[in-house]
Each structure stands twice: as C-alpha cells, then as structure tokens.
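Structure at a glance
Given next are the chains, with one letter for each unit.
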Amino acid sequence: MVALTLPDGSVRTFERAVSGAELAAAIGPGLAKAALAVKVDGELRDLARSIGRDAKVEIVTAKSAEALALIRHDAAHALAQAVQELYPGTQVTFGPATEDGFYYDFVRPAPFTPDDFPKIEQRMREIVDRNLPLVREEWSPSDAVEHFESSGEAYKAEWVREIGTRGEAISIYRQGEWLDLCVGPHLPATGKLPKAFKLMKVAGAYWRGDAKNAQLQRIYGTAWASEADLKAYLTRLEEAEKRDHRRIGREMGLFHVQEEAVGSVFWHPKGWELWRTLENFVRGRLRASGYVEVRTPQLVDRKLWEASGHWEKFEQGMFLAAPRSAGARAEEGERVYAIKPMNCPCHVQIFNQGLVSYRQLPIRMAEFGSCHRYEPSGAMHGIMRVRAFTQDDAHIFCTEDQIVPEAVAFCALLRGVYRALGFDEFIVKFADRPPVRAGTDETWDKAEAALKNAAKAAGLELIHNPGEGAFYGPKLEFVLRDSIGRDWQCGTLQIDFVMPERLDAAYVGEDNQKHRPAMLHRAMLGSFERFIGILIEHYAGHFPLWLAPVQVAVATITQDGDAYAGEVARELADSGLRVVLDTANEKIGYKVREHSLAKVPVILAIGKREAELRTVSVRRLGSNAQETLALQDALARLVAEAEIPGP
RNA sequence: GCCGACGUAGCUCAGGGGUAGAGCAACUGAUUCGUAAUCAGUAGGUCACAGGUUCAAAUCCUGUCGUCGGCACCA
C-alpha cells in the first residue's frame, strides 16, 4: 500500500507503487494531460518514475512555479538535438536552465552566428512536433564513457569519467535517436515543450568556467510557458533597454566616454551636478556617523604597494607613472610610482603618523578616493565598470572588541543611505576565504566569525559566496541589480587583520603595550561611477527632486512673460534650486515636451496671467495635471522638497 | 584577455563595387501661440583608423582601435 497526500490534504492509496503519470490519471483525465512532472516530498521528479512509498505529492503543470525550469531545461535539450542534427560533428557539453531561459555550450570549429538561429529554431519546433518520449536510463560509467568516446563526445566522456569515480550510476535521457547525459528531471515528451522559445545570442564560454580551458560556443535562448509570456518578456527587455544608463546619460547630457580615455568618464555639467549632490549627501551621513575625511596622494611609490602585498597580486592591474626625465627606463632601483588602485595603504600611513592611543579608537577615516585600475578590456561596461573611478571609501581602525559594534553600525548606516536613494531591497553576500590568501587560518577563522556575527546582529540575511573573499580578509558584498537583471556589487564591508600587520599599524593599549588594530574596509556606493549608473537605471532618469541635476524649468508661453520668468528663475536659483530658464520662441507644448524628455521634474509655465498675478503654473514630470500657485508658495514647497534627506 | 557581432551627419538608422541618403536635432527667417513636436529655408560627412585588391571601395580582403553581448577577471 502506498498513501499519497495531495496538496489539498486528501490522501490517495494505491495497491502498489505508481508513477506520477498514473497518479495524475487517477485524479482526472484533464490533469493527466496537463501533467509535466511530479513533486515528491519537495523533490521534482519525472512523471514516469514510480513512487514506492508514502509521500506528499504534487502534480506539476505548466501553471506551477517549477514548470518553467523544466521547460527551459527541455528547451536546452531540444536546442542541442537540433544543433547536432543540423551541424554533424558538433560536440555537446552542458546546457542548463537559467533565470529566464537556458543555454547550451557546444564545441565546433566554425562559429555559430545569429543568422543560424532561424534554422535552429525551426528544427527545434520540428523536434517538439515529433513528440519524442523522454526516457531516463541508467548506464554504468564504463558503458557511458565508451558510448561518448565512440561518438566523438570528448567533453561528455571526460565528465562521465569524473562523476563515474563517485560510483553512481550514470543518468541518461533519451529523446528519439538523441541522448544526453543529464540528471533530469524532464518533461515526459518533447511534445509537452511549449513552442514559446527564442534563441537570443551566441557567446564564448570556457569549459567548466575556467579561462585556462578551451572556449566553447554558448547559445543562449529564452523559453516560456506561453507565447504571451514570451512576448511579455521580450517587451520587458525592450523597456529595460530604454533605462540603460548609457542611453539616458547621453539623452540627459550627463556624461560621455571616448576613445582617447578608455575606461574614464567625461562628466558634463549636469552629470557632475548629480555627482556632487550625491557626494554631499554621503558626506553628511558620514559626518553624522563619526567619520573624519582625508585626502591621499594619487602617485605612490611602488615600495608601499610591495609592502601592502598588492604589488605581488595586482601588479598587472596597476598603472605606473614615472617622470619622463627620470623614467621610461624604469631600471632597477629607480623610483616607479603606481597610480593608486585603492586607498587603504595610504590611510594606514595617516594612521601611522604619531602614536595612537586606544582611547582614540575607533578611527573612522573616509576618503572620496580616486583610483585607477587596468581592468581587462572585455570587462568594461558603460560607466559601471571603468578604469578610473572614485570610491566612497573608509577604513575603520578599531580594537577587536569594537569590530562587531562597528560592523553593525555600518550596516545600519548603509541601510539608511540605500533607503534614501530609493533602494529598499538589496542582496547581501558573505564571501569567505579564497584559495590564495594572506594571513593564517586562525586569523581567517576570527575574521569570518566576526563578520558573520555582525551581519547577524544587523539582521541581514546572507547568501553564502564561498571562496570569493579578498586576499586579506572576508567580506560582505551589498549587491544592487541593473535594469537588465545584472547584479553589481556596490557596498562592501571587509575585515582585515593582514594590512595593519604588513604596514605595521599599531596603537597603545590600556596595558601600555603596542597592539595591532583591526581594519574594516567599507564602502556604500562602491564607486560613484557605478552607483550613478545604477541610480540612473533605477529611476530611469526620473530622479527625485533633491537628486535631479536640473530641478526646475521655467518656460514662458509668450514673450510677455519673459521679464517675470527671469525674475522667477533668479529667485529660485537664489534659493539654491537648479533652474533653467526657457524663453525660446516656441509654443508651450514644444517646451513642455522638451523639458519632459530631458526629465526635468518640475516645469513652471509663465504666461500673461502668471506675470500679472505673480503666480506660477506648476507641472510635474509624469503627470499632465497643472496647479497654479503663488510664486512664494511654490518656492517654499520646492525648496523643502529639494532638501538633501538627513539621517 | 577570450569568442561573436557592430562602427555611415550631434542622435536613430538606410545604402553592400560606379555622384553620400532620410527623420529628428542644429542654424536662419516668419509666427506670439496656455501645457509632450508651428511653418519655411539653410547648413552639416576623409562612411572609426591604416594597409591591400580593383579602372573605380562606405561597400570586398587584412590589420589596428573602439563599442556592444557573453565568458573569464574585479584589491
């Protein structure tokens, strides 16, 4: 007897083990037809596998949350089969479902191009029409290796060899003539795969994610339960593209980049206005949180980077500089400067001037530090990943006892800053010790424990990010998402016992002995460039009034209003608002459109009536409602709204 | 750095061996208008850069630079 409990609480009993398909059929013919897989005690399984014990079960249909992953995984298999049918000799490797689609990695001497997509998609549809049953088989590792080697699938054979050593049977899924090594689960037949899929792009990808390995050709696709869902997804992508910071940055005249300064940003007046507003906002929060601000050199002798350990690890990523009269040869013993790639060694130099007493700790030393790193060419992306950037960096020098309260305070500060900037949600990752690192295991144990405790005390939910810590210490990574779903690390909190040791930082303790301080590296925005990019996409350029580079446009309706409009603009500007005056010879409709496209939050229209009554007609971005206010009322309201949000 | 695509007017794009194109923007003039495009005219280009093939190259080939999408990297 097998008793199966359904989601509604009802129990079905069977004389013998039944498959998911039989269970669905027993419940009803409609469900039998719609069934895609079955969930047994939370585990997703093929419909054909038998359930031999009492369990909680749930039939998965296209409406289930789990269905999409199944559909996408099946789409990957259909893609692989289609490609192998169309391009004989192509090897298959891996093809998983992803967040909104799937991909499959192939090995083939000739490149795939997007021109191949229609043909491949057509063949995938044919495979769906064939309605091939997906059959799971278990093979011995040796049979599997033999099969893949004889069919020229070197990568699959390598993989089977590796998992074969674990002594498990090899799970093979067969669809018609075609088969693939795969743990499943899968849909019962290719005919269950909705045709709502589309191939999206080709890209290179390294075998097993390692740049030392061969590069494979990856074909990305997206797949959905219905045509409508697919269409909605494609529309979403189009919408996201309109939020792209590169596009909005140009449209709003915020910044540009050009060939002569790859990886650096030319900030235009409006973009720089935004930057300064953001910087002053952060500065205010730092001051309120007991930070001091410093400024350290751009060019620093390589000796300091050797001492800090950065030279050894990041030499290739540093820009060097030497005066032309002395340098260019950079012979042994000559002074070579690195343009600073980070601020921490310099902050330690400030800490090291004079003797620090434990009574002075913690010292929270902040710098809006301009750094340069030679980022790999392929890593560059708009203003989000650049070679010249400015961090809202700070280092907290403290005793070990102060680590947890300082870390907790930082998390609270960061949460407040993010909230004020419109980010109520963010991801926090906990990155622990990397394989190559400085410091003893004991030190790392201590640092990791401290960081975890702090995050816990701050009530943060952590996602484990194993082996991704900095070489000197573990970190918390605060991650924001861009408009097209890419994650960007912005904030960070890192505990470091290594740098103070290497650079010989010390304070005098209560016991009159010298001690090493702990050092917390922390940033909230990360880099201004990246954060402004994220901010632009987050708001799609429609900034709240306090952040907007241009806050108010004063636009005249006819020339009769020019004098008064000038007065209005001057008065607003005198009150600290960022104003443009538009007395151009155009219709008001044209001006409204122009300033709306420029994403100016407030338009004040000035006509004859306003000039006579000393009022303004207020129009907000995103609304076509108008409100007529006395100039002084409007001014007071706007000034209040434009205030930088305090802690 | 690796794989692929792309680079034509300020922007968005067409043209794919035989005189360099459109819309928007810009400029000039007319128009004085009430909340997302007034009308007319004018000007604007070493077709990324460098070589090569050809009677002839924006167009075909090679290289370089850059951008874009991934991968790898990210102190």
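Look up a bit, the structure's there.
Residues numbered from 1 in each chain as written. Chains lettered and ligands numbered in written order. Predicted model: local features only at pLDDT ≥ 70, side-chain atom pairs only at ≥ 80, totals over all residues. Heavy atoms only, no water.

**A closer look at unusual backbone geometry**
Gly184 connects to Pro185 through a cis peptide bond whose omega is -5°. Within the secondary structure layout, Pro185 lies in the loop between strand S12 (178-181) and strand S13 (197-206). A cis geometry characterises the amide bond from Leu361 onward to Pro362, with omega recorded as 0°. Along the chain, the position of Pro362 falls in the loop between strand S21 (356-357) and strand S22 (363-372). Residue Asp41 is not a glycine yet carries a positive backbone phi of 45°. Along the chain, the position of Asp41 falls in the loop between strand S4 (37-40) and strand S5 (43-45). (Helix = DSSP H or I, 4+ residues; strand = E, 2+ residues; numbered from the N terminus.)

**Some points on the environment of Thr235**
As for its placement among the helices and strands, Thr235 is situated in helix H7 (residues 227-242). By relative accessible area, which is 39% here, Thr235 ends up partly exposed. Spatially, the C-alpha atom of Thr235 lies 42 Å from that of Glu367, the residues being 132 residues apart in sequence. (Buried < 20%, exposed > 50% of the residue type's maximum accessible area, 1.4 Å probe, protein only.)

**Structural notes on the sheet that holds strand S29 (residues 514-515)**
Spatially, three strands are ordered S21-S28-S29 in an open sheet, and the strand pairing comes out mixed. Either end of the sheet is taken by a strand with one partner, and the two such strands are S21 and S29. In this structure, S21 lies alongside strand S28 (residues 507-508), joined through two bridges in parallel fashion. Directly across from Val356, in S28, lies its bridge partner Tyr507. (Pairing = 2+ DSSP bridges.)

**Looking at helix H6 (residues 154-164)**
Turning to H6, its buried residues number three or more, namely Tyr155, Lys156, Ala157, Val160, Ile163 and Gly164. On its buried side, H6 packs onto strand S8 (91-92), strand S9 (102-107), helix H5 (141-150), strand S11 (170-175), S12 and strand S14 (215-223). (Contact = heavy atoms within 4.5 Å.)

**Things to note about the packing of aromatic side chains**
Each aromatic ring pair is specified by the distance between its two centres and by the angle formed by the two planes. Evaluated as defined, the whole model comprises 25 aromatic pairs. Geometrically, the ring pair formed by Phe94 and Trp159 is edge-to-face, given 5.1 Å between the ring centres and 80° between the ring planes. With Phe94 in the loop between S8 and S9 and Trp159 in helix H6, this pair connects stretches of sequence that are 65 residues apart. Here Phe351 and Phe397 contribute two aromatic rings whose centre-to-centre distance is 4.4 Å and whose plane-to-plane angle is 20°, an arrangement assigned as stacked. One end of the pair, Phe351, is in helix H12 (residues 344-351); the other, Phe397, is in strand S23 (residues 388-398), with 46 residues separating them in the sequence. We classify Phe351 as buried; its relative accessible area is 3%. Exposure remark for Phe397: the relative accessible area of 0% places this residue in the buried category. Feature note: the residues Phe255, Trp267, Trp272, Trp275, Phe368 and Phe528 constitute an aromatic cluster, connected by ring pairs. Its end group placed over the ring of Phe94, Lys156 keeps NZ or CZ at 5.7 Å from the ring centre. Taking NZ or CZ as reference, Lys446 lies 5.0 Å from the ring centre of Phe497, over its face. (Phe/Tyr/Trp six-rings, centres within 6.5 Å; stacked < 30°, edge-to-face > 60°. Lys NZ or Arg CZ within 6 Å of the ring centre and 35° of its normal.)

**Regarding the layout of surface pockets**
Its boundaries defined by the atoms lining it, the largest pocket holds a volume of some 1,400 Å³. As for the largest pocket, its lining consists of 42 residues, and the residues nearest its centre are Arg373, Glu375, Gln391, Lys475 and Gln489. Counting residues per element, the ones that place at least two in the lining of the largest pocket are helix H11 (310-314), S23, strand S26 (475-481), strand S27 (487-496) and strand S30 (518-527). The space that makes up the second largest pocket amounts to roughly 810 Å³. Lining the second largest pocket are 19 residues, with Asp100, Tyr233, Leu237, Ile484 and Gly485 positioned closest to its centre. Elements that contribute at least two residues to the lining of the second largest pocket include exactly S13, S14 and H7. Counting residues per element, the lining of the second largest pocket draws most heavily on H7, which supplies four residues. (1 Å grid on protein atoms, 1.4 Å probe; cavity = no way out; pocket = protein on both sides within 12 Å on 5 of 7 lines; lining within 4 Å. Points joined across faces, edges and corners; volume = space filled by probe spheres on them.)

**What about the pattern of salt bridges?**
Evaluation of the coordinates by the stated rule reveals 45 salt bridges. Of the charged contacts, one joins Arg302 and Glu306 as a salt bridge, the two residues approaching to 2.9 Å between their closest N and O atoms. In this pair, Arg302 and Glu306 both sit in helix H10 (residues 302-308), four residues apart, roughly one turn of the helix. The class for Glu306 is partly exposed, based on a relative accessible area of 38%. Each member of the salt-bridge network shares a partner with another, and the members are Arg433, Arg437, Asp441, Asp445 and Glu448. (Salt bridge = Lys/Arg side-chain N within 4 Å of Asp/Glu carboxyl O.)

**Quick word on the sheet that holds S8**
Pairing in this open sheet of four strands is antiparallel, and the strands run S8-S9-S14-S13 from one edge to the other. The open sheet is flanked by S8 and S13, the only strands paired with a single partner. Two strands pair when backbone bridges link them, and S13 and S14 are joined in this way by nine bridges, in the antiparallel orientation. Paired with Lys198 across the strands is Thr222, a residue of S14. Each of S8, S9, S13 and S14 touches helix H3 (residues 67-86); the most contacted strand, S9, lies at about 25° to it. Where H7 meets the sheet, its contacts fall on S13 and S14, and the angle it forms with S13 comes to roughly 55°. (Axes fitted to C-alpha atoms, helices over the stretch in contact; angles between N-to-C directions.)

**A few points about the pairing of S23**
Summarising burial for S23: eleven of the eleven residues are buried, a large majority. Sheet topology places S22 next to S23; ten bridges connect them, and they run antiparallel. Directly across from Ala366, in S23, lies its bridge partner Ala394. Sheet topology places S23 next to S30; seven bridges connect them, and they run antiparallel. Counterpart to Asp393 in the pairing with S30 is Ala523.

**As for the packing of helix H9 (residues 269-288) against helix H16 (residues 528-539)**
For any two helices packed against each other, the geometry comes down to the angle between their axes and how far apart the axes lie. Between H9 and H16, the least distance of the axes is 11 Å, while the angle of their chain directions is 105°. It follows from the interaxial angle that H9 and H16 lie roughly perpendicular. Touching Leu274, Trp275, Leu278 and Glu279 of H9 are Phe528, Glu529, Phe531, Ile532 and Leu535, all from H16. Here the residues of the contact of H9 with H16 sort into seven nonpolar, no polar and two charged. (Parallel < 35°, antiparallel > 145°, perpendicular 65-115°, else oblique. Nonpolar A, V, L, I, M, F, W, Y, C, P; charged D, E, K, R; others polar.)

**Here we look at the pairing of strand S7 (residues 55-60)**
Relative to S7, strand S1 (residues 2-5) runs parallel, the two being bridged by two bridges. Opposite Thr5, over in S7, you have Lys56 as the bridge partner. Relative to S7, S4 runs antiparallel, the two being bridged by four bridges. The partner of Lys39 across the bridge, within S7, is Glu58.

**Structural notes on the packing of helix H17 (residues 562-574) against helix H20 (residues 631-641)**
At a minimum axis distance of 11 Å, the contact between H17 and H20 shows a crossing angle of 30°. By the angle between their directions, the pair H17 and H20 is classed as roughly parallel. Judged by the sense of rotation from one axis to the other, the crossing of H17 with H20 is right-handed. The residues of H20 that touch H17, namely those facing Tyr564, Val568, Glu571 and Leu572, are Leu631, Gln632 and Leu635. The residue makeup of the contact of H17 with H20, split by class, is five nonpolar, one polar and one charged. (Left-handed = near helix turned anticlockwise from the far one by under 90°.)

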